[in-house]
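Take a look at the letters that make up each chain.
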Amino acid sequence: MFIEHLQLTNYRNYETLTLDFSPKINVFIGENAQGKTNVMESIYALAMAKSHRTSNDKELIRWEADYGKIEGVVQNRYGSFPIELSITKKGKKGKINHLEQLKLSNYIGQMNVVMFAPEDLNVVKGSPQVRRRFIDMEIGQISPVYLHELLTFQKLLKQRNHLLKINQGKQHIDDVLFAIYTEQYIQSAVQIIRKRFQFVELLQEWAEKIHSGISRGLEKLTIKYRPTTGLSADWTEQEMATYLEGKLAEIKKRELERGITLVGPHRDDLQFLVNDYDVQTYGSQGQQRTTALSLKLAEIELIKQETKEAPILLLDDVLSELDDYRQSHLLNTIQGEVQTFVTTTSVDGIHHETIQHAKMFHVKQGEIESK
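Residues numbered from 1 in each chain as written. Predicted model: local features only at pLDDT ≥ 70, side-chain atom pairs only at ≥ 80, totals over all residues. Heavy atoms only, no water.

Undergrad: If you had to explain the nonpolar core to someone new, which residues and values would you point to?
TA: Ile223, Phe272 and Ile355 are the most contacted members of the largest nonpolar core, which has 66 residues in total. By residue number, the principal contributor to this core is helix α6 (residues 175-214), which donates 13 residues. Each residue touching Ile223, except ones within four places of it in the same chain, is listed here: Val200, Leu203, Gln204, Ala207, Leu270, Gln271, Phe272 and Leu295. (Core = buried A, V, L, I, M, F, W, Y, C linked by side-chain atoms within 4.5 Å. Buried < 20%, exposed > 50% of the residue type's maximum accessible area, 1.4 Å probe, protein only. Helix = DSSP H or I, 4+ residues; strand = E, 2+ residues; numbered from the N terminus. Contact = heavy atoms within 4.5 Å.)

Undergrad: An account of the packing of aromatic side chains is requested, with residue identities and associated values reported.
TA: For the structure on display, the rule yields eight aromatic pairs. Look at Phe21 and Phe28: their rings are 6.4 Å apart centre to centre, the planes differ by 70 degrees, and that puts the pair in the edge-to-face class. Assessed through its relative accessible area of 9%, Phe21 is described here as buried. For Phe28, a relative accessible area of 0% translates into the label buried. (Phe/Tyr/Trp six-rings, centres within 6.5 Å; stacked < 30°, edge-to-face > 60°.)

Undergrad: Quick rundown of the side chain of Arg160? Include the residues and the values.
TA: Mapped onto the elements of the fold, Arg160 is located in helix α5 (residues 144-166). According to the relative accessible area criterion, Arg160 is buried, its value standing at 1%. One polar contact links Arg160 to Glu255, side chain to side chain, over a distance of 3.0 Å. Residues in contact with Arg160, not counting those within four places in the same chain, are Phe178, Tyr181, Thr182, Tyr185, Leu248, Glu255 and Thr261. (Polar contact = N/O pair within 3.5 Å; in protein donor to acceptor, adjacent residues only side chain to side chain.)

Undergrad: Please set out the layout of surface pockets residue by residue, giving values where relevant.
TA: Here the largest pocket is characterised by a volume of approximately 590 Å³. Surrounding the largest pocket, 22 residues form its lining, Lys50, Asp136, Met137, Leu150 and Gln154 being those nearest its centre. For the lining of the largest pocket, the secondary structure elements donating two or more residues are α2 (104-107), α4 (128-142), α5 and α6. The biggest single contributor to the lining of the largest pocket is α5, with six residues. Residues of the lining of the largest pocket, tallied by class, amount to 12 nonpolar, four polar and six charged. (1 Å grid on protein atoms, 1.4 Å probe; cavity = no way out; pocket = protein on both sides within 12 Å on 5 of 7 lines; lining within 4 Å. Points joined across faces, edges and corners; volume = space filled by probe spheres on them. Nonpolar A, V, L, I, M, F, W, Y, C, P; charged D, E, K, R; others polar.)

Undergrad: With reference to specific residues and values, describe unusual backbone geometry.
TA: A positive phi angle, close to 60 degrees, is found at Ala49, a residue other than glycine. One can find Ala49 in the loop between α1 (36-48) and β4 (67-76). Phi is positive for His98, close to 70 degrees, though the residue is something other than glycine. Tracing the chain through its elements places His98 in the loop between β6 (91-96) and β7 (99-101).

Undergrad: Describe in detail the sheet that holds strand β5 (residues 79-88), supporting the description with residues and values.
TA: A sheet is described by the order of its strands in space; here six strands give the open sequence β2-β1-β4-β5-β6-β7, paired in antiparallel fashion. Sheet topology places β2 (14-20) and β7 at the edges, where each strand pairs with a single neighbour. The average undirected angle you get between the axes of adjacent strands in this sheet is 20 degrees. Helix-sheet contacts for α1 involve β1 (2-11), β2, β4 and β5, and the interaxial angle to β1 is about 110 degrees. (Pairing = 2+ DSSP bridges. Axes fitted to C-alpha atoms, helices over the stretch in contact; angles between N-to-C directions.)

Undergrad: Let's hear about the pattern of salt bridges: which residues, and what values?
TA: Per the counting criterion, the structure on display carries 15 salt bridges. Salt-bridge contacts for Glu41 lead to Arg53; the nearest nitrogen and oxygen are separated by 3.0 Å. Of the two residues, Glu41 is situated in helix α1 and Arg53 in the loop between α1 and β4; the sequence distance between them amounts to 12 residues. Given a relative accessible area of 0%, Glu41 falls into the buried group. According to the relative accessible area criterion, Arg53 is partly exposed, its value standing at 40%. Lys304 is the partner of Glu337 in a salt bridge, and the nearest nitrogen-oxygen pair spans 2.6 Å. A residue pair is termed long-range when its members are at least 10 positions apart, and Glu337 in the loop between α11 (324-334) and β13 (340-344) and Lys304 in helix α10 (residues 285-307) qualify at 33 residues. Taking relative accessible area as the criterion, Lys304 reaches 18% and is therefore assigned buried. One network of salt bridges, with partners in common, ties together Arg12, Glu41 and Arg53. (Salt bridge = Lys/Arg side-chain N within 4 Å of Asp/Glu carboxyl O.)

Below, the structure is given as structure tokens:
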């Protein structure tokens, strides 16, 4: 899979921008704050219907404009098709083949991307919220049904939290309504947890092999999904539901005191272990970077396995963060097989032949020239 053509209208600092890409490597060179990352963000947003940098869609619209638009032409094994994302202050609309998608969950997954930026190190060393977002976005690309289930879960969580909030500090609650909300919440939570367990198992298979290769066989990477409740991956749906029901009954008094739901997928986490040591706590900066790189390369392989299409890889100012060995490993892996976009201030320190044969785009003050 690759994107042939990109057109931006009123997006960030671009009033209009039209670009044609190589199906292999595309490099954007320029000083910081010139507009390189905005192009990368637009490709990511076109695929995922959201930015990787902000949750406020209004920031994507050019200053004083009423709307922003990203249009692309994508090529997959079946042929090429247009894809479009329109952003207004009231919301977003996605089109595939000129047909508006009633739900964005139906839109996502038509064009698969893997983004690797310096902030992706936070997947390893940041907060549980960052890791939950990572896992939800990646499962959503290969399973649109998951996005629908996630939206359902978030809606049920909000309803249950609202009921807890308005009864906060009380000794009793409307047990009939609360029981209905709790039952629906449990059923939805179990679906999310099971999908996450399955995804982490697949990710582990690829990441372990890749990490071993990057570390020259010296390190073994293990990824674990850590539900707050202590659920196990080999339990049935019914076993999970029964256990969650008991757990929520046990902490009902505490939830009423706090006015919030205390257990469930919204509080779960991922753990990364290298040679059985927690990388977040005990890993060196090099181990953390290798873990992040292994995850990204594993994502590529996993998406290829599940969708039969190689995703588009976005490397935003990340090559300078990697030493020569990790740089070479990354570029060797994607060489000739994955359409890749790279942003950098200079290619002087990158000696890999892949970069030498790339299509170059020079970015200066929002103007882009290709060579």
